[in-house]
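# Coordinates in review
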Amino acid sequence: MIVLGVESSCDETGLALYDTEHGLLAHALHSQIAMHQEYGGVVPELASRDHVRRALPLLQEVMQKSGKHKQDIDAIAYTQGPGLAGALLVGASFACGLGMALNKPVLGVHHLEGHLLSPLLATPAPAFPFIALLVSGGHTQLMRVDGVGQYQLLGETLDDAAGEAFDKSAKLLGLDYPGGPAISAMAERGQTGVHLFPRPMLHSKDFNFSFSGLKTAVLTVVKKSESPLSQTDKENIARGFVEAIVDVLVAKCVNAMKHTGLKRLVIAGGVGANRQLREALNAAASKKRFAVYYPELQFCTDNGAMIAFAGAMRLKNNPALATTDYGFNVRPRWPLQELEPA
């Protein structure tokens, strides 16, 4: 079965072809980062209009790379939610219109399920069950994953997501959007121990997170400075911030592994590309004797491959999920726990 995936939930337009027999055939992605940098964050209306411009050229690119024809597609999976309403509508209308033109069935996919399953595209791929840390600009959640559609929420952020804290703290240091990668790179040059920021909820007896206070602590340090921050000051602040957020994420993961007794941990979402986080998790996994799996770096952020794969896994288990009723709706707010098992 060959599934076309369409991702348009925020500021990346991604399309991909996944074959259940031969794996990922091709993928193409356009990021809107350069367009949104001028505004310091994503402008929903501009994001939606750009998805309209990019979808068809990316489809042509994917078909050319794969050597397949549009009629070779067996089904089309698209991101139904969560995400920006306008951006989701572009992807949904494109997928359903294409499905109608080709007389192919379509399937709405949960964006976060795509992220959760994206490490299965890598080699080696983790087997079910596993614990998943979904960590991105909009979400920080710990999940127990027993199969496609079988997700148990263990804990989540009570305020800012980890990626959101990265971006906001980076802005305080004068870094451009997106701030996460920039503050991580700056932290590499900083000195450890200069700034000991709080580790929110590090010792709580649950698996929830809170990063708003950490961001506020960075703001306090910046405001207390009697003169403009030097480059060294910024690097040391970045180092302290990254160390604090990594310590919390790793501790919660280790506690979740101990609590459940599982031996496989999966990291998904954009922050999963963070080098400091990967190093700390690898060290913890070696010490505590569990395995940790990551998506390929190119699949950490939003992409069409994860949507094609998630759609293919659902259709492989239940082909009846696809429909030729091309009327569509999107779900900008869609709790992952509402998903049915595939």
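Residues numbered from 1 in each chain as written. Predicted model: local features only at pLDDT ≥ 70, side-chain atom pairs only at ≥ 80, totals over all residues. Heavy atoms only, no water.

You'll find the protein entered in an unreviewed UniProt entry as tRNA N6-adenosine threonylcarbamoyltransferase, with Undibacterium rugosum given as the organism. Its UniProt record gives the protein the following Catalytic activity (unreviewed entry) comment, quoted word for word: "L-threonylcarbamoyladenylate + adenosine(37) in tRNA = N(6)-L-threonylcarbamoyladenosine(37) in tRNA + AMP + H(+)". (UniProt positions renumbered as here; feature names shortened; annotations may be inferred.)

For the structure on display, the rule yields four aromatic pairs. On the basis of an interplanar angle of 20° and a centroid distance of 5.4 Å, the ring pair of F128 and F130 is categorised as stacked. The partly exposed category is assigned to F128, whose relative accessible area is 31%. Judged by centre distance (5.2 Å) and plane angle (85°), the rings of F166 and F241 are edge-to-face. Residue F166 is located in helix α5 (residues 162–172), and its partner F241 is located in helix α8 (residues 231–260); the two are separated by 75 residues in the primary sequence. Classification of F166 as buried rests on a relative accessible area of 3%. (Phe/Tyr/Trp six-rings, centres within 6.5 Å; stacked < 30°, edge-to-face > 60°. Buried < 20%, exposed > 50% of the residue type's maximum accessible area, 1.4 Å probe, protein only. Helix = DSSP H or I, 4+ residues; strand = E, 2+ residues; numbered from the N terminus.)

What follows is about unusual backbone geometry. A cis amide bond links G81 with the next residue in sequence, P82, at an omega value of -10°. The topology assignment puts P82 in the loop between β4 (75–81) and α3 (85–102). A cis amide bond, omega -5°, links Y177 with the succeeding residue P178. By secondary structure assignment, the location of P178 is in the loop between α5 and α6 (179–187). Although it is not a glycine, N103 sits at a positive phi angle of roughly 60°. Counting through the fold element by element, N103 comes out in the loop between α3 and β5 (106–110).

Next up on the list: the nonpolar core. Grouped together as the largest cluster of nonpolar side chains are 47 residues, with contacts concentrated most on L142, F211, F241, I245 and L265. Mapped onto this core, the elements with two or more residues apiece are β6 (130–135), α5, α6, α7 (212–224), α8, β9 (264–268) and α9 (275–288). Looking at this core, the element that brings in the most residues is α8, giving 14 residues. For L142, the contacting residues outside a window of four places in its chain are I131, A132, L133, Q152, L153, L154, G155, F207, F209, K252, C253 and A256. Residues L116, A132, A310 and L339 belong to the second largest nonpolar core, which totals 36 residues. (Core = buried A, V, L, I, M, F, W, Y, C linked by side-chain atoms within 4.5 Å. Contact = heavy atoms within 4.5 Å.)

Read from one edge to the other, the open sheet built from five strands follows the order β8-β7-β6-β9-β10, with strand pairing classed as mixed. Of all the strands in the sheet, just β8 (150–156) and β10 (291–293) have a single pairing partner and so form its edges. Across this sheet, the average inter-strand angle for adjacent strands is 25°, counted without regard to direction. Where β6 and β9 come together, four bridges link them in parallel fashion. Bridging from a neighbouring strand, L134 pairs with A268 of β9. (Pairing = 2+ DSSP bridges. Axes fitted to C-alpha atoms, helices over the stretch in contact; angles between N-to-C directions.)

On inspection of all chains with the given rule, the structure shows one cavity of 30 Å³ or more. Volume-wise, the largest cavity comes out at about 30 Å³. What lines the largest cavity is V6, S8, T13, H51, A55, V90, G91 and F94. Listed by contribution, the elements that provide at least two residues to the lining of the largest cavity are α2 (44–66) and α3. Top element by residues in the lining of the largest cavity is α3. It accounts for three residues. (1 Å grid on protein atoms, 1.4 Å probe; cavity = no way out; pocket = protein on both sides within 12 Å on 5 of 7 lines; lining within 4 Å. Points joined across faces, edges and corners; volume = space filled by probe spheres on them.)

With that settled, the discussion passes to the pairing of β8. Bridging between strand β7 (residues 140–147) and β8 involves six bridges; their strand directions are antiparallel. Across the sheet, residue R144 finds its bridge partner in β8, namely Q152. Linking β7 to β8, which pair antiparallel, is a turn of two residues; within it G149 sits at a positive phi near 85°.

Pairing is mixed in the open sheet, where five strands are placed in the order β3-β2-β1-β4-β5. Strand pairing shows two members of the sheet lacking a second neighbour, β3 (23–31) and β5, which therefore form its edges. On average, each strand axis in the sheet is inclined to that of its neighbour by 20°, with strand direction left out of account. In this structure, strand β1 (residues 2–7) lies alongside strand β2 (residues 12–19), joined through six bridges in antiparallel fashion. In the strand pairing of β2, L4 is matched with L17. Relative to β1, helix α10 (residues 304–317) is tilted by about 135°, and along the sheet it contacts β1, β2, β3, β4 and β5.

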